Amino acid sequence: MSAIVQFENVGLRYGLDSETLSDVSFSLAGGGFYFLTGASGAGKTSLLKLLYLAQRPSRGVIRLFGEDVVTLPRKRLPGFRRRIGVVFQDFRLVPHLSAYDNIALPLRVSGMEEGEIDAPVVEMLNWVGLGDRGQARPATLSGGEQQRVAIARAVIGRPEILVADEPTGNVDADMARRLMTLFEALNRLGTTIVVATHDLPLIAQVSGAQMMRLDKGRLADPTGTLRYPPNSQGRA
Amino acid sequence: MATRVDRRAAAAARHRLLPGGRLAGPMPWIIAIMMFLTVLAAAAALGLGAAVRSMSADLAGRASVQVVEADGQARDLLAARTLRALRGADGVRAADPVDPAKLADQLRPWLGDAASSGDLPVPALIDVMLTPGDADAKLDRLRRLLGGLSPKLRIEPHAAFLLPLAGLLTALGWLAAGIVLLMILATGAVVVLAARGAHDSHRGTIDVLHLMGSTDVQIARLFQRRIGLDALMGGALGFSFAALVILLIGLRLSATGSDVVGAVSLDPRGWLLLAALPIFGVILATLTARWTVLRALGRAL
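Numbers given to residues run from 1 along each chain, matching the order in which its sequence is written. Chain labels run from A onward and ligand labels from 1 onward, assigned in the order the entries are written. Owing to the predicted nature of the model, reporting of local features is limited to residues with pLDDT of at least 70; listing and counting of side-chain atom pairs is limited to 80 or more, with chain, interface and lining totals taken over all residues.

**Overview of the overall build of chain B**
Note the following rule: Each helix corresponds to a stretch of at least 4 residues labelled H or I by DSSP, and each strand to a stretch of at least 2 residues labelled E; elements are numbered beginning at the N terminus. Put simply, the radius of gyration uses C-alpha atoms, and a globule should come to 2.2 Å times the residue count raised to 0.38. Between the buried cut of 20 or more and the exposed cut of 12 or fewer other C-beta atoms within 10 Å of a residue's own C-beta lies the partly exposed class, and all C-beta atoms are placed from the backbone.
Scanning chain B from terminus to terminus reveals twelve helices and four strands. Computed over C-alpha atoms, the radius of gyration of chain B comes to 32 Å, more than 25% over the 19 Å expected from 2.2 N^0.38 for 301 residues, which places it beyond the range of a compact globule. Looking at chain B as a whole, 31% of its 301 residues qualify as buried.

**Structural notes on the sheet that holds strand β4 (residues 59-64) of chain A**
Backbone-to-backbone hydrogen bonds join strands into a sheet, with any given pair of strands oriented parallel or antiparallel. Residues and elements named next belong to chain A. Basically, it comes down to this: Between any two strands, pairing holds if DSSP finds at least two bridges. Once C-beta atoms are placed from the backbone, any two residues with those atoms within 7 Å are in contact. Where helices are involved, their axes are fitted lines through C-alpha atoms of the stretch in contact, as for all axes, and angles between N-to-C directions lie from 0 to 180°.
Sheet architecture is open: four strands sit in the order β2-β1-β4-β5, paired in antiparallel fashion. Every interior strand has two partners, whereas the edge strands, β2 (21-29) and β5 (67-68), have only one. Sheet analysis places strand β1 (residues 3-12) next to β2, joined by six bridges and oriented antiparallel. In the sheet register, Gln6 faces β2, and the bridge partner there is Ser27. The sheet strands contacting helix α1 (residues 44-51) are β1, β2 and β4, and the helix crosses β1 at an angle near 125 degrees.

**Topic: the nonpolar core**
Applied cut-off: Any set of buried Ala, Val, Leu, Ile, Met, Phe, Trp, Tyr and Cys residues joined through C-beta atoms within 7 Å is what this text calls a nonpolar core.
Formed by 120 residues in total, the largest nonpolar core has its most connected members in A:Ile103, A:Val163 and B:Val39. Judged by nonpolar contacts, the second largest core, of 16 residues, contains B:Leu86, B:Ala135, B:Leu139 and B:Leu146.

**Some details on the pairing of β1(A)**
Sheet topology places β1(A) next to β4(A); five bridges connect them, and they run antiparallel. Counted as the bridge partner of A:Phe7 is A:Ile62 from β4(A).

**Focus on the UniProt feature "transmembrane region" (unreviewed entry) in chain B**
All names here are of chain B. Definition in use: UniProt positions are given in the numbering used here, feature names are shortened, and annotations may be inferred rather than shown by experiment.
Taken from the UniProt record, the annotation "transmembrane region" (unreviewed entry) applies to residues 29-52, 171-195, 231-251 and 271-293. Span residues 29-52 is 100% helix and 0% strand, its end C-alpha atoms 35 Å apart. Its end C-alpha atoms 36 Å apart, residues 171-195 is made of 100% helix and 0% strand.

**Details of the domain arrangement of chain B**
Operational definition: Note that domain bounds follow an automatic or database assignment of domains.
Splitting chain B by domain gives domain 1 (20-56 + 164-298) and domain 2 (69-151). Relative placement of domain 1 of chain B and domain 2 of chain B: their C-alpha centres are 52 Å apart.

**Thoughts on the domain arrangement of chain A**
All names here are of chain A. Applied cut-off: Following the grouping adopted for this structure description, the nonpolar residues are Ala, Val, Leu, Ile, Met, Phe, Trp, Tyr, Cys and Pro, the charged ones are Asp, Glu, Lys and Arg, and the polar ones are all others, Gly among them.
When cut into domains, chain A gives domain 1 (1-83 + 160-174 + 189-236) and domain 2 (93-158). A separation of 25 Å is found between the C-alpha centroids of domain 1 and domain 2. Every contact between the two is made by five residues of domain 1 and, on the other side, seven residues of domain 2. Taken together, the residues of the side of domain 1 that touches domain 2 sort by class into three nonpolar, one polar and one charged.

**Points about the sheet that holds strand β1 (residues 62-67) of chain B**
Residues and elements named next belong to chain B. Taken in spatial order, the four strands line up as β2-β3-β1-β4 in an open sheet, and their pairing is antiparallel. The open sheet has two edge strands with one neighbour each: β2 (92-97) and β4 (153-157). Taking each pair of neighbouring strands and ignoring which way they run, the sheet shows an average axis angle of 20 degrees.

**Focus: the interface of chain A and chain B**
In many analyses, interface size is given as the accessible surface area lost on bringing the parts together. Counting residues at the interface gives 22 residues for chain A, matched by 18 residues for chain B. Every element with two or more residues in the side of chain A that touches chain B is listed here: α2 (77-81) and α3 (99-109) of chain A. For the side of chain A that touches chain B, the leading source of residues is α3(A), giving five residues.

**Looking at the packing of helix α5 (residues 143-155) of chain A against helix α6 (residues 173-188) of chain A**
Relative orientation and spacing of two packed helices are given, respectively, by the angle between their axes and the distance between those axes. Residues and elements named next belong to chain A. Heads up, the rule is: Orientation is classified from the angle alone, with under 35 degrees giving roughly parallel, over 145 giving roughly antiparallel, 65 to 115 giving roughly perpendicular, and any other angle giving oblique.
Two numbers describe how α5 lies on α6: the axes approach to 11 Å, and their chain directions differ by 10 degrees. In this view, α5 runs roughly parallel relative to α6, as classed from their interaxial angle. Contacts from Gly144, Gln147, Ile151 and Val155 of α5 reach α6 at Met175, Leu179, Leu182 and Leu186. Considered class by class, the residues forming the contact of α5 with α6 number six nonpolar, two polar and no charged.

Below, the structure written as structure tokens:
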């Protein structure tokens, strides 16, 4: 499979601080399932921010869908962002919008006609088990329900890449398992999945997934070769 | 193709994206006050301009000829000769002597009964009305004609008497126009502040929209629509109140019975210009909001 994401010697520095990410190089194949792991503060969220184009690197080259996005003019970024779904660590649901409207956001942003929005949104609400909570505001939803709304919002536009930052950080083990099942189902439909987590048992549950480990802003494997988690070796 | 129901639903969805109902914030009320003052100032500018034009039109073709002769008999003879010369001159539509009794009446408040006693050498006056067009050239010709008749004849264009008043009205008109300009600038500044405030308070929503692939223009449209509607509400309210005040002032002005004060009026064209102000305000607010938000968004990635 061809590389959908390529990082080459990428460095990221916030202001005058030392580099948060240093010499990060890797490539992700389209349709793969990847875990990004590492201790808190290792740089996982920063790397994901580069991936979903919330940040530009201080140095290095990032290619998404075959194009260098570091030098990409700002006005072309929206087109790339629409191809990437993001599940934020803090969900980032719009607080004054209902679950329905939050999930419908990417479709409205992409310019879909209002009459065509209802069916996919209702389907997505049912898919994440919130069919009867469509009109609920985020504040009235539990952490797990908010998480599922965030996931539904991230995947409703059928993104080519789904990026999830600690998606199981706020849910119990059972919900975490169910979320992974959702991601696997999406992955089987062809979406490349990138999940940042430090939950190693969770990684072990997804067969065929590959893992990158960050340590103090550097990929732990200096060659950049992705490794299988221990219990899934040889199953890819 | 989007149906009307679709468009209504899309508009409702966009409306939900930025919370806060109509007339909920201070923005429409501030715009209403500014529009009220702008319309009043513009009305003053237009009304004073109309008064100056009306005065100029009335006075431009009129002049008085003074026969400054101390001897009463000689004055009457010279006045009669001058009247004949004026009536035969090119560019003079009418020349009429001012009744000495009427003149004495006008002078009585200053001179008392001496004004009509004949002891004082009060000049004889002849009212001259010129034919329309190029009054200055005609007055020059008359000045030469009268100079040839006698050095005791003086011609005074009426416009010269009211020149200081016309100058004052013109200055007040320009002042009012300047106030209109300042109010427009202030409205723009208020919109910039409001748009910046709205942008800052909705930053979380904007970030999410950006990361989902919203373009700057899509986001700016949300704000420009909201601020445009606020400006429409405020503008309509401000204009309505201002129009009411202008009508009331108009009634008071016409009740004074003064020619000069009564000349301060608004014609239909003036009202049309005033009515265009709220529309201009909405366009100004919308474009300013768009520009402000686009600039703020341009600073983010």
